[in-house]
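Examination of the molecular architecture
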Amino acid sequence: MTVLEPPEVAVREGRYGDKVAAIEPGGIEFIPLSERHGRPRQLFWTWTSPNLEFATIFLGVLAVAAFGLGFWQAVLAVVVGSGLGALTHGVLSARGVSAGLPQMVLGRLPFGYWGNVIPSAFNSVAAGIGWFAVNSVSGALALNTLTGLPGWACLLIVVAVMVVLGFFGHNLVQAFEKYAFPVLAVIFAVTSVIILSKAEPGYAGSGGGPGGFLLTVGATFGYAAGWNPYAADYTRYLPQDASRRATGLSAGLGVFVSCVLLEVVGAASVTIGGGDALGQPTSAFTGHLPALVANLTLLAIALGAVSANALNVYSGAMSLLALGVRLPLTMRRAIVALACGVIGFAVALSGLEDAGHKYEAFLLVIAYWIGPWLGVVLTDMLLRRGQDVRALEPLMFDRRHANWAGPVAMVAGVVLSVWLFSNQEQYVGVVPRSVPQVGDIAFEAGFLISAGLYLALKPLRRG
């Protein structure tokens, strides 16, 4: 297959190929065809391994312990929220095959070059700092429970491993996810069987009602869709003749299967009773397990946190580079990844205390911006159906390219949905304040508002 690479498109320099023990050169540029490798099926473990960790389990814990749902209500909410996030993840992943560009660079089409700074900045903070801190705390708490080492020391250990993976780049990250997958899958399979065998499936909850259900849907969607802004980052190296259907299916299933399984197990663990599920979530969960399995689970939790943060620090660096900052260094991506890790460590250190409540708030905030962002991105893809994304790539590197419909629609979606529908301890929106049973539907409203506005503002589109 012959593909023209116009001079207006930045092409990644250097030789990298499929070498694992090498630092990935360049940054967010187009991946040359000679550098493409891999198969779509590898995306299943790329997206399964990062979710086989305690942050996923804790979502199920929140559904029952914090949002008051019964077990089967929690299961339904988990399937709906995770399913929606996995579906959009598959759609976005498939596009990276032909584009050969990271997800946040593709966002320059609907947002314009400088308008794209808004979602890129959000994702830089969410991925390189927010999610990195959340998973670092999860891994550190597990290591602390297992070894008795001070929390800060455990945090330093897990962060060091995470940053090394992100620093070396794409191939080492993919290889790590591949080899972590069977270890994590076996340990969590055993853990799941034990927890589910002890659970009380008839557990009725504490009256969460429709509000608790919608909070759970929003939180689980925010978790699964939290990977959406990374989607094309891990498909841009695939050969351009790779099946887009297989690519999207493998990526989406990886997210869906892992999230649903562990979130259901987390919900089931609360029905057993005992322990402080919100204050000391890791020890409360492993307290239901035999000593040997508990220790293996703690190791798996730490390993899963590393798997998740390998992606977070890598894609966080991509988003920072997508802000449009020009760094002439050949190792610019690697250096930015290192900076993300250092900042993320500092934030994680402050989150070792009261981790449960901070995680709950973070999950809902994630959904608040991703819903409107997805509304714009997916609507733009619909409007451009039939167009070859490769023919549009010069626009993504043209600093004069403007599409103000995107940022206007996204900002309006975030502001209006949070003002009207947010339902958190720090702020309760207009609608849930008046009708508490409505719950939190900010992400659904944000998606619809931004999608509708982007369609209405179609005359502002350029390119």
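Residues numbered from 1 in each chain as written. Predicted model: local features only at pLDDT ≥ 70, side-chain atom pairs only at ≥ 80, totals over all residues. Heavy atoms only, no water.

**Things to note about helix α12 (residues 291-321)**
Compared with the 45 Å implied by 1.5 Å per residue over 31 residues, the 45 Å span of α12 between its first and last C-alpha is a close match. When you tally the buried positions in α12, you get 24 out of 31 residues, the bulk of the element. (Helix = DSSP H or I, 4+ residues; strand = E, 2+ residues; numbered from the N terminus. Expected span 1.5 Å × (residues − 1). Buried < 20%, exposed > 50% of the residue type's maximum accessible area, 1.4 Å probe, protein only.)

**A word on the pattern of salt bridges**
Applying the stated criterion across every chain yields a total of six salt bridges. Salt-bridge contacts for E35 lead to R15; the nearest nitrogen and oxygen are separated by 3.5 Å. Here E35, found in the segment before α1 (42-48), pairs with R15, found in the segment before α1; they are 20 residues apart in sequence, far enough to count as distant. A salt bridge links E24 to R236, with the shortest nitrogen-to-oxygen separation between them at 3.1 Å. Of the two residues, E24 sits in the segment before α1 while R236 sits in the loop between α9 (209-225) and α10 (244-272), which places them 212 residues apart along the sequence. Taking the relative accessible area as the measure of exposure, R236 reaches 0% and is therefore buried. One network of salt bridges, in which partners are shared, links R12, R15 and E35. (Salt bridge = Lys/Arg side-chain N within 4 Å of Asp/Glu carboxyl O.)

**Focus: the nonpolar core**
Within soluble globular proteins, side chains that are nonpolar generally end up buried alongside one another. Ranked by size, the top nonpolar core spans 120 residues in total, and within it W47 and W373 carry the most contacts. With residues up to four places along the chain from it excluded, the contact list for W373 reads L92, Q103, M104, F111, P119, N228, P229 and M410. (Core = buried A, V, L, I, M, F, W, Y, C linked by side-chain atoms within 4.5 Å. Contact = heavy atoms within 4.5 Å.)

**Things to note about the packing of helix α7 (residues 151-168) against helix α8 (residues 170-198)**
Two measures define how a pair of helices packs: the angle their axes make with one another and the distance between the axes. For the pair α7 and α8, interaxial distance at closest approach is 5 Å and the crossing angle is 130 degrees. Between α7 and α8, the angle is such that the two are oblique. Contacts between α7 and α8 involve V164, L165 and F168 from the former and H170, L172, V173 and F176 from the latter. In the contact of α7 with α8, the residues fall into six nonpolar, one polar and no charged. (Axes fitted to C-alpha atoms, helices over the stretch in contact; angles between N-to-C directions. Parallel < 35°, antiparallel > 145°, perpendicular 65-115°, else oblique. Nonpolar A, V, L, I, M, F, W, Y, C, P; charged D, E, K, R; others polar.)

**What to know about the environment of L338**
With respect to the helices and strands, the residue L338 is situated in helix α13 (residues 332-350). The exposure class assigned to L338 is partly exposed, which follows from its relative accessible area of 40%. Sequence-distant contacts of L338, defined by excluding residues within four places in its chain, comprise V163 and F167.

**Describing the packing of aromatic side chains**
If you walk through the whole model with that rule in mind, you get 14 aromatic pairs. With 6.1 Å between their ring centres and 55 degrees between their planes, W369 and W373 make a pair best called tilted. Taken together, the positions of W369 and W373, both in helix α14 (residues 355-383) and four residues apart, correspond to about one turn of that helix. The pair W369 / W373 is uniform in exposure class, with both members buried. By the ring-pair criterion, three or more aromatic residues cluster together here, those being W47, W227, Y230, Y234 and Y314. In this arrangement the basic side chain of R36 is found over the ring face of F30, its NZ or CZ atom lying 5.3 Å from the centre. The ring of F397 has R108 lying over it, and the distance from NZ or CZ to the ring centre is 5.8 Å. (Phe/Tyr/Trp six-rings, centres within 6.5 Å; stacked < 30°, edge-to-face > 60°. Lys NZ or Arg CZ within 6 Å of the ring centre and 35° of its normal.)

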